[in-house]
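# Breakdown of the fold
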Amino acid sequence: MWADYLIWTFLGIGLTFNGLGVIGLLRFPDVYTRLHAATKATTFGSIFTSLGVVTYAFANLYLNGNSGGLTLALHTIVAIACLILTNPVGAHAIARAAHRSGTLPHPRVVDKLEEVKR
Amino acid sequence: MMSKIVRTQASFLYTFILIFGFYIVAHGHLTPGGGFQGGAVIATGIALIAVAFNFSNVKRWIKKTHLTAAEGIGLLTFLITALIGIGTSFFYNWLANSGLIFGQRVSYGVNPGYLNTAGTLPVMNLAVGIEVFGGLGVIILYMLNYVKEVRNDAS
Amino acid sequence: MMLLNLPYITVAILIAMGIYAMVYKRNLIKIVIGLSIVESAVNLFLVSLGYRRGGIAPIYTSAPSTYMVLPTPQALTLTSIVIGVATTAMLLSFCMVIYRNYGTLDSRKIRRLRE
Amino acid sequence: MRNALLCVALLVVLGCLLYVSVNPGDFGVSRGEHLAFGEPKYTDMDDYFIHNGQNQTGANNIVTSIVFDYRGYDTIGEASVLFTAVLGVGVALRELRKRRDKNDE
Amino acid sequence: MMNFLGNFITPAGMWNPLIWVFVSLIIFLIAYLIWSRGESRYKKGTEQTLPFLSGYAPESAEGTHVRAGNIYWGFVTALKGYYKVLRKIHTGNVNDYVGWYVGILAIMLLIYLLWGGA
Amino acid sequence: MILEEILQVLILIGLIISGYLAIKFRDLLACAIALGIFSFLLSLEFYILQAPDVAIAEAGIGAGLTTAIFILAIRGTSRWEVEE
Amino acid sequence: MIDAWFLTAFILFIWILLSTVRAVIGPTVPDRVVALDTINTLTVAIMIILSVAYREIIFVDVAIVYALLSFVATLYIAKYLEGGI
Amino acid sequence: MIWDTLMAHSPALVIIIPLLAAFGTPLIGRAGKKYMYTWILCALALTELMTIVMLYHVFTNGTAIYVMGANPYNLAIPPDSHGIPVRIILTVDAFSSFMAFTASTVALAGGIYSIACEHEQTGQEKYYALLLLMLVGMLGMVLTGDLFNFFVFLEINSLASAALVAYHVDKGVATEAGFKYAIISAIGALMFLFAIGILYGEYDALNMAMIGSRMQFTNLDKIAMALITVTMAMKAGAIPMHYWVPDGYGKAPGAISAMLVTASQASLYGLFRMSFTVFGISANHVTLGWFIIILGVLSMFVGVTMALIQHDIKRLMAYHAISQTGYMLLGVGVGLATLGTAAFNQYGLAAMEGGIFHIINHAMYKGLLFLTAGAIIYRVGTSDLNKMGGLGHTMKYTSIFFIIGALSIAGIPPFNGFASKLMIYESVYQFQPVLSIIAMIVSILTLASFVKVFHSAFMGPKIHNVKEVPRSMLIGMAILTFFIILFGLFPNIALHYLVKPAAEALASPMGYLSRVLGGGP
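What comes next concerns the included structure. Since we're looking at a predicted model, the values are computed, not measured. (Residues numbered from 1 in each chain as written. Chains lettered and ligands numbered in written order. Predicted model: local features only at pLDDT ≥ 70, side-chain atom pairs only at ≥ 80, totals over all residues. Heavy atoms only, no water.)

## Focus on the overall build of chain F
Helix and strand content of chain F: three helices and zero strands. Along chain F, helices (α) and strands (β) appear in the sequence α-α-α when read from the amino end. Expressed as lengths along the three principal axes of its C-alpha atoms, the size of chain F is roughly 50 × 25 × 10 Å. Going through the 84 residues of chain F one by one, you find that 81% of them count as buried. Within chain F, residue pairs in contact and separated by at least 24 positions form 60% of the contacts whose partners lie at least 6 positions apart. Only carbon and sulfur atoms are counted for the fraction: they give 66% of the accessible area of chain F, which is about 1900 Å². (Helix = DSSP H or I, 4+ residues; strand = E, 2+ residues; numbered from the N terminus. Buried < 20%, exposed > 50% of the residue type's maximum accessible area, 1.4 Å probe, protein only. Contact = heavy atoms within 4.5 Å. Areas by Shrake-Rupley, 256 points an atom, 1.4 Å probe, with all protein chains shown as cover.)

In structure tokens:
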């Protein structure tokens, strides 16, 4: 069934990216890079796992005629939208707070934000 | 006051949280959720506003007295809704299966759910939602106010 | 059998941990944290009491089954959660006032009331 | 001394809680078996709710129907607890300014 | 119908508060009679009420008052060891409050589990 | 079904770890964060135990409000467990 | 047979446990907040996946609430670190 | 007709009235203080009236049950439920209504007293709302027949009490006391909830009668029993867990100290109710009874000896409150230890009557004493006995009230303390002479320490230039004094109408069970 393969593909992509994000969170040297890896990759990955769910829902709707599928897809899309809306803002706030609280980037070559502020 | 990005997003998300909280409250008898959960969601919206914007502005927008009044009114609505049933007994569900508003009959078993059912439950959900929203919101505001005051005194 | 009761074992460990924090930690906020852990553990206990293997959530939707988990513990847990947040908020506000008056959160120093 | 005694007490409490969690039924008294996770033995009250809740209250969500109808009295107590806590926070964090002025007098 | 003014029956017998009040009133009456036959020349506010302290002036009004901390000094001193223990366990520390609760809980758990059987 | 059970076991272990962290940290802010993680995992456990009502309540109150209240309280008092 | 949905949720949870490691060792508070944020995102993903696994549509509501609200906690911590509040 | 309806619905109305008033108080308080005072006093008086109506109802018709939300209000068991109660059932037997009467009386006196006593404080509408909520908590605890509902009202009671203990925020120590009280009661309540969870898990019921009838007394039940009894004893202030009592009582506003006594007694009610009704059918009475007796004796003795060395007037009285709680525990414990044996009818019931009678007596005289202490602090400004003296010159009424309270607590006839103490002494003597002798010694020491208070506060030369306290405070004290003298001179009234039915209701758990589970309206 093509729907199943699509779903598995989406889930696989999502899992991979989430895993990459988490590995980045673990392995990167300072807050900013960790933040980069964690937020970007996990948001992306979560979108893809949720897309798998949406695909499942539409497949259910069109192939099996299950009317609950539409609700599921709609709610999932709302959840993804919330993630997309909130995650980057949270990341931004953390990065700013980390900078302001004096956490330094690890191999400190140049700090543009500090220069701009000055 | 946080950065402009956060503020913009907060002012947008606040409406969203409000709508979603109201959805949770109103669908309390059909889907997971209900008065407490919806009220807590809306109160978190207040917490979001309180953290994202300058506190002096927040103080101007959201008055503690209004929240306390909302709390009291919600509780009184809840109590009086329960009290109306005292013809039979306190907390009697006098609207259920009566055919009036919220009084539609449901048959046992699987159904997609209709908003117009469950008697006094939606009313109580709404009342408790208002109460919890007021209560938790006012707790956050009290604490913020106190923290600000302490810091002003220290400086 | 042992493994299947794992939620209860977790509850026991969490309660013991929370009480440990309440008895041994000197910081008032730490004590409140311990209390809140105990409270969460009790909530978990209540919810897992009502679990039935293979049951669905006690909500009638389009799900075909009517073999549901027990609803009463969930209702009790809702009540207990709100009570917990109320208690926590009040205790923390007391902590703030105490810090203002005493200048410390150390429970060994906060004992003007003794004997 | 104090620490050792408290440790013993904590361990006893933990032991009893663990006993609660792994209890396989008590010397042939069958009621105790209920605490096995996922297999409640006696469910008569809850089955009543599950089977009659929808007819009696009209709510699809049985939990809501319990919270607001069958055990509505608890709910009003809970709402009062929240109200109490708000009042308590308000009492504790009352206006400081007025108090300071009074102290100055 | 019960008798309101009747006897108050205890396991060992009975007792009636009204009779007691009556008797004590009589005793007070006798006491008053004795008191009224006393020296009538005694006047308040004159020198007669002042204590005679070998010619020294009496202490000020505040000084003659026996303060609360001094009352039962002997009793407290006699039970010094007992009070020492009591003072020691009243630490006023929140941890100890919870600790005592947990301790009693543990003891009671043991006792009930060992001897509480039906 | 076996995966569900293992998932549950893992969540419970995570609960114990995060609870331990919430007690262990000396930085109260970190404690609040650990308590937030605790609350997440607890909510996930409720979700798996088929209690969505409770999960929503725990999500709304445990994850959002309690953390906020704790942080406000830490701001009103002091951040470190042992001052000096 | 192993359900693909449960398998996904399971692997996602392993990621969560790995992020918890960062919360444990993170040298500074911002590190821990990043871990919290990651756990939050992954929890939302798990909840969406599990709602399909249990064939319960309404469970997605919980995920929405999560996605909306946990962000507030992050903001509070961030503002604390900035020295706001 | 209306009278019948009122009586039938009185168990619900008793709680609804103060709850409604409490919810409305912050709204009314904005209109003005006069309106608020009127509102509060009306609510308290109405509650008192409803309690008396309920008392009458219970006295004439036997144990009343009220099912929340059922179609006839007294349908405990729905016809299609195979004999299990599903809703929350208020079960009001004589003991419950007796406790409700005590609580509302003290609350009425406290409410009137507070009007003058707290008029300088800010946030008064919060104070009165909390006072009403505390009353609601006590009433809910004593009226309910459902375990979880008991827990909820316990929480209301403890949170409201903690907030009120911390009411004088400007003092600083008050907040400390409030914090301690809140934390200890919170952990206690959580353990109680855990016990409820165990019982629910085993028997799938939350109704006390249902649990009592299904009780098998397995090891799990023993654990639950330990959790419940220890928590309740802690909340009642029994000795090894009494530390919050002097802090909380000592730093609370005067009227609140008086109400805290009643709040502790509501927990005491919980202890007795649980041990007699829920566990009493199958538990080992002797173990449970001796547990309560030992707690009682310890409380009596340590409480009074600690009180002797105090120099803070309210702290001293708080230790006496602990010591008097010991009498109640002793009396009822003897009743429990002999329950089911021939000795019960011989002296056990009398001991229980004494203990229960002591509850109302203690609430009245200790309430009065706390009110007088509040009056002294209100005028003098300090609670340190070392700095007092000569108040009797000017505060005449207060000193008279104090004398009455002090003589009553020491068990001097003709005040009410004597009657209950006499019953306890005599019946306990037949059970175990040593206990009775200890009780008498404690009584003597009580008198001694009150002589000390009276001497150092009211006697001696005039040190403070103070006036008599305002009239509302005097009225509050007079209400309690009225009951003290009434019960002292005519103990048969209380004994016949209040205490005997209460003790008999408590001693017959089977009656309770069959009333609830008997089915039918």
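## Some remarks on the interface of chain H and chain C
Taken together, the contacts link 37 residues of chain H with 37 residues of chain C. Broken down residue by residue, the surface that chain H buries against chain C is led by Glu176, Phe179 and Tyr200 of chain H, which jointly contribute 20%. Across the chain H-chain C interface, the total number found is zero salt bridges. Our enumeration of links across chain H and chain C arrives at one residue pair in polar contact (both at pLDDT 80 or more). (Buried area = accessible area lost by both parts, 1.4 Å probe. Salt bridge = Lys/Arg side-chain N within 4 Å of Asp/Glu carboxyl O. Polar contact = N/O pair within 3.5 Å; in protein donor to acceptor, adjacent residues only side chain to side chain.)

## Some thoughts on the arrangement of the chains
If you rank the 17 pairs of chains in contact by how many contacts each has, first place goes to chains E and H. With no contact formed, the shortest span from any C-alpha in chain A to any C-alpha in chain F equals 13 Å.

## With respect to the pattern of salt bridges
Side-chain pairing between opposite charges can occur once the charged atoms of the two side chains come close. The tally for this structure, following the rule as stated, stands at 15 salt bridges over all chains. As a salt-bridge pair, aspartate 31 of chain G and arginine 34 of chain A come within 2.4 Å of each other at their nearest N and O atoms. In this pair, aspartate 31 of chain G is assigned in helix α2 (residues 29-53) and arginine 34 of chain A in helix α2 (residues 31-64), connecting two distinct chains. Across this residue pair, the class does not change: aspartate 31 of chain G and arginine 34 of chain A are buried. A salt bridge links aspartate 93 of chain H to arginine 273 of chain H; the shortest N-O distance between them is 2.7 Å.

## Regarding the packing of helix α5 (residues 94-115) of chain E against helix α6 (residues 173-203) of chain H
One way to put it is that α5 of chain E packs onto α6 of chain H with a least axis distance of 10 Å and a crossing angle of 25°. Taken as axis vectors, α5 of chain E and α6 of chain H run roughly parallel relative to one another. In this structure, α5 of chain E crosses over α6 of chain H, and the sense of that crossing is right-handed. For the pair α5 of chain E and α6 of chain H, contact is made by Val94, Tyr97, Val98, Tyr101 and Leu105 of chain E and by Phe179, Lys180, Ile183, Ile184, Ile187, Gly188 and Met191 of chain H, respectively. Classifying every residue of the contact of α5 of chain E with α6 of chain H gives ten nonpolar, one polar and one charged. (Axes fitted to C-alpha atoms, helices over the stretch in contact; angles between N-to-C directions. Parallel < 35°, antiparallel > 145°, perpendicular 65-115°, else oblique. Left-handed = near helix turned anticlockwise from the far one by under 90°. Nonpolar A, V, L, I, M, F, W, Y, C, P; charged D, E, K, R; others polar.)

## Quick notes on the pairing of strand β2 (residues 89-92) of chain H
All names here are of chain H. Here β2 shows no split at all, with Ile89 and Thr91 on one side and Leu90 and Val92 on the other all buried. One ladder, built from four bridges, connects strand β1 (residues 64-67) with β2; its direction is antiparallel. Each residue of the ladder has a partner; that of valine 67, found in β2, is isoleucine 89. (Pairing = 2+ DSSP bridges.)

## Brief notes about the environment of histidine 455 of chain H
One can find histidine 455 of chain H in helix α16 (residues 433-458). Apart from the residues within four sequence positions on either side, histidine 455 of chain H is in contact with His65, Val66 and Ile71 of chain E.

## A look at the nonpolar core
Most often, soluble globular proteins keep nonpolar side chains buried together rather than apart. The biggest cluster of nonpolar side chains holds 513 residues, and the ones touching the most others in it are Phe90 of chain B together with Tyr76 of chain G. By residue number, the principal contributor to this core is helix α13 (residues 342-380) of chain H, which donates 22 residues. With residues near it in sequence (within four places) discarded, tyrosine 76 of chain G still touches Ala47, Ala50, Val51 and Ile140 of chain B, Ala68, Ile71 and Leu72 of chain F together with Ile85 of chain G. (Core = buried A, V, L, I, M, F, W, Y, C linked by side-chain atoms within 4.5 Å.)

## Quick notes on the interface of chain H and chain E
Residue-level contacts link 73 residues of chain H with 52 residues of chain E. Taken together, the two surfaces of chain H and chain E that pack against each other cover about 5300 Å², and 75% of this comes from carbon and sulfur. Contact with chain E buries surface across chain H, with Tyr243, Ile309 and Asn492 of chain H losing the most and accounting together for 13% of the total. The interface formed by chain H and chain E holds zero salt bridges in total. For the pair chain H and chain E, the interface holds nine residue pairs in polar contact (both at pLDDT 80 or more). Secondary structure elements with two or more residues in the side of chain H that touches chain E: α6, α8 (219-236), α9 (244-251), α11 (285-308), α15 (416-431), α16, α17 (471-489) and α18 (491-507) of chain H. With ten residues, the top contributor of residues to the side of chain H that touches chain E is α8 of chain H. Class assignment of the residues belonging to the side of chain H that touches chain E gives a composition of 45 nonpolar, 20 polar and eight charged.

## Thoughts on helix α14 (residues 396-409) of chain H
Think of an α-helix as turning once every 3.6 residues; residues three or four places apart then point the same way. Residues and elements named next belong to chain H. Under the 1.5 Å per step criterion, the end-to-end length of α14 is 20 Å for 14 residues, consistent within 8% with the ideal 20 Å. Of all the positions in α14, only Thr398, Ser399, Phe401, Phe402, Ile404, Gly405, Ala406, Ser408 and Ile409 are classed as buried. Where α14 is buried, its residues touch α12 (313-337), α13, α15, α16 and α17. Residue glycine 411 follows α14 closely and has a positive phi angle near 80°. (Expected span 1.5 Å × (residues − 1).)

## What about the environment of phenylalanine 418 of chain H?
Along the chain, the position of phenylalanine 418 of chain H falls in helix α15. According to the relative accessible area criterion, phenylalanine 418 of chain H is buried, its value standing at 16%. As for phenylalanine 418 of chain H and valine 469 of chain H, which are separated by 51 residues in sequence, their C-alpha atoms are 29 Å apart. In contact with phenylalanine 418 of chain H, other than residues within four places in its own chain, are Trp15 of chain E together with Ser408, Gly411, Ile412 and Pro413 of chain H.

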